[in-house]
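Commentary on secondary and tertiary structure
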Amino acid sequence: MKFNKHQKEIIKKIAYGEIYDIVSYLKVFNLTTFQKYDSQSIEEKMREKENGTKYKKLKDGVQTFSLLTYTNNDLLPHTEFTPYIPKDNDFEFVEAKISYTFAKKSIKLPNDTEYTFNLLDGVNCTNSFNNIKDFLTIWQYLKHENLVLEVNKPVKKEDYEVFFEYIPIEQTSYMQSKANKKTKINNESNNLSPTNNLSSFIHCDYDHIKDFRDYTDFHIEYNKSNEIVCNQFIDKQIIGNADLELFIKQKYRTREQIANILNLIPAYLALVITLFFTIFQEIRNSTEMEQLISSVSSIESQLIELTNTNMDLNTIYEPSTSLGSSTSLDSNTNLDSSTNLDSSTSLDANNLPN
């Protein structure tokens, strides 16, 4: 299992004894936010919304049913409830008021222990249940690898406080039940008989009582599902052992993981060597090809140079041949002239006087 930076920090703090259960984990990393209902703000919003509206209600102490006791034919006492129809002077007009009935949350344990949280005083709400799940994942891993000891602990009120959430009012079960109730009332109102209308009229004096949750944007809600998920961890805590410190020194690897890595080294080495020789051969072949191309280019250059040299020689030798013929002609001419000159000279000598 690979751990990120945050998970490694969790493991270190478990080894140091700073983290040992869900509550301590949330406290160490400051993963909760203190929230409470502001009664003053709620009542101000209610007054602003109601704007002085008054509601008709029965006066306190007015009975809507009378109890009649009489003896039947068997001389046995018999009790009968008779409805009482209120008169106008039995009613009064009052302003709306806030009900904080649901501002307290009680949690009853199987051993009959009960913890009560007053949401007007405030509770520490967990920022995200995913944080708890991440911690429990590490808890289970360390336990599986025998790196921690899991022991029992006494349960406290704060162990259940971690399951409170601070969520938008639209996402709460209260708003869902309120919408369902409104739909049900609308459906049943069309089917009321006169008797039912009378009974409904007698008991319809609670409209002036307003639930405080109608004047909040967020709601503090206890998540029972999250409690069930964590149920096996609530009364437990973990203590790191000596192997956990060794686990941290070995860069968060167990002995089995290190052994597996050592077993894989020969295979990795063989793979590296194979890749090295393959790449070397490719480079060598590439070098030989470059040398071959260079040789061919050199031969081609020499052939071109040789061809150009032959063309230059042909150009030189053709005029030289013509010049030689002219020279030969001139020699003959000179020879003839010399011969003639000698003959004349000889003739002139013969003609000289004795």
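Quick caveat, the model's predicted, so the values are computed rather than measured.

Next up on the list: the overall build of the protein. Looking only at helices and strands, the protein has 11 helices and 14 strands in total. Long-range pairs, those at least 24 residues apart, make up 78% of the contacts in the protein between residues at least 6 apart in sequence. Surface summary for the protein: the accessible area is close to 25,300 Å², and the carbon and sulfur share equals 53%.

Turning our attention to the side chain of K210. Positionally, K210 belongs in strand β12 (residues 209-211). Here Y55 takes part through its side chain, which lies 3.3 Å from a polar atom of the side chain of K210. A polar contact is formed between the side chain of K210 and the backbone oxygen of D207, at a distance of 3.1 Å. Excluding residues within four positions of it along the chain, K210 makes contact with E50, Y55, A96, K97, I98, S99 and Y215.

Another point: the nonpolar core. Formed by 52 residues in total, the largest nonpolar core has its most connected members in I11, I14, I22, F135, L142 and L244. Per-element tally for this core: the top contributor is helix α4 (residues 129-144), with 8 residues.

What follows covers α4. Compared with an ideal rise of 1.5 Å per residue, which puts 16 residues at 22 Å, α4 spans 23 Å between its outermost C-alpha atoms and is within 8% of the ideal. Among the residues making up α4, those that are buried are F129, N131, I132, F135, L136, I138, W139, Y141 and L142. Directly beyond the C-terminal end of α4, a positive phi value near 60° is found at N146.

With that settled, the discussion passes to unusual backbone geometry. Unusually for a residue other than glycine, N51 sits at a positive phi of about 55°. Assignment of secondary structure puts N51 in the loop between α3 (39-50) and β2 (54-58). Here the phi dihedral of Y252 falls at roughly 60°; this positive angle occurs in a residue that is not glycine. On the secondary structure map, Y252 appears in the loop between α10 (242-249) and α11 (255-350).

Within the secondary structure layout, Q63 lies in the loop between β2 and β3 (65-71). Q63 gets classed as exposed once you look at its relative accessible area, which sits at 55%. In sequence terms Q63 and I85 are 22 residues apart; their C-alpha atoms lie 9.3 Å from each other.

Contact geometry of helix α1 (residues 5-15) with α4 gives a least axis separation of 11 Å together with a crossing angle of 60°. With respect to each other, α1 and α4 are oriented oblique. Judged by the sense of rotation from one axis to the other, the crossing of α1 with α4 is right-handed. Here α1 contributes Q7, I10, I11 and I14 to the contact with α4, which in turn contributes F135, I138 and L142. Of the residues that constitute the contact of α1 with α4, the class distribution is 6 nonpolar, 1 polar and no charged.

A few words on the packing of aromatic side chains. Counted under the stated rule, the structure contains 16 aromatic pairs. With a centroid separation of 5.1 Å and 70° between ring planes, the pair formed by F164 and Y222 is classed as edge-to-face. Of this pair, F164 sits in strand β11 (residues 164-168) while Y222 sits in strand β13 (residues 218-222), placing them 58 residues apart in sequence. The exposure class assigned to F164 is buried, which follows from its relative accessible area of 1%. A residue is classified by how much of its surface remains accessible, and Y222, at 13% relative accessible area, is buried. Following the ring pairs from residue to residue traces out a cluster consisting of Y115, F117, Y160, F163, F164 and Y222.

Each value, and the rule that gives it
Residue numbers here run from 1 along each chain, matching the order of that chain's written sequence. Confidence filtering applies because this is a predicted model: local features only for residues at pLDDT of at least 70, side-chain atom pairs given and counted only at 80 or more, and all residues used for totals across whole chains, interfaces and linings. Neither water nor hydrogens contribute to the side-chain values; these are computed over all heavy atoms in the structure. Helix and strand labels come from DSSP, where a helix needs a run of H or I of at least four residues and a strand needs a run of E of at least two; each type is numbered from the N terminus. The contact rule is simple, with two residues in contact once any of their heavy atoms fall within 4.5 Å. Under the convention used here, a 1.4 Å probe and the Shrake-Rupley method define accessible areas, while residue burial counts only the protein chains that appear. Think of a polar contact as two N or O atoms within 3.5 Å of one another; within protein, one of them needs to be a possible hydrogen donor and the other a possible acceptor, and neighboring residues in sequence only count if both atoms come from side chains. Only buried residues count toward a nonpolar core, which is a set of Ala, Val, Leu, Ile, Met, Phe, Trp, Tyr and Cys residues joined through side-chain atoms within 4.5 Å. Here's how the labels work: a residue is buried when its accessible area is under 20% of the maximum for its type, exposed when over 50%, partly exposed in between, all with a 1.4 Å probe on protein chains only. For a helix, the expected span equals 1.5 Å multiplied by the residue count minus one. Axis lines are fitted to C-alpha atoms, over the contacting stretch for helices. Their N-to-C directions set the angle, which ranges from 0 to 180 degrees. Small angles under 35 degrees read as roughly parallel and large ones over 145 as roughly antiparallel, with 65 to 115 read as roughly perpendicular and the rest as oblique. Left-handed is the label given to a crossing in which the near helix is rotated counterclockwise from the far helix by less than a right angle, and right-handed is the label when the rotation is clockwise. In this classification, the charged set is Asp, Glu, Lys and Arg, the nonpolar set is Ala, Val, Leu, Ile, Met, Phe, Trp, Tyr, Cys and Pro, and all remaining amino acids, among them Gly, are polar. Pairing of aromatic side chains here covers Phe, Tyr and the six-membered ring of Trp, requires ring centres within 6.5 Å, and sorts the geometry by plane angle: under 30 degrees stacked, over 60 edge-to-face, intermediate tilted.

By themselves, these observations are geometric and do not establish any function.
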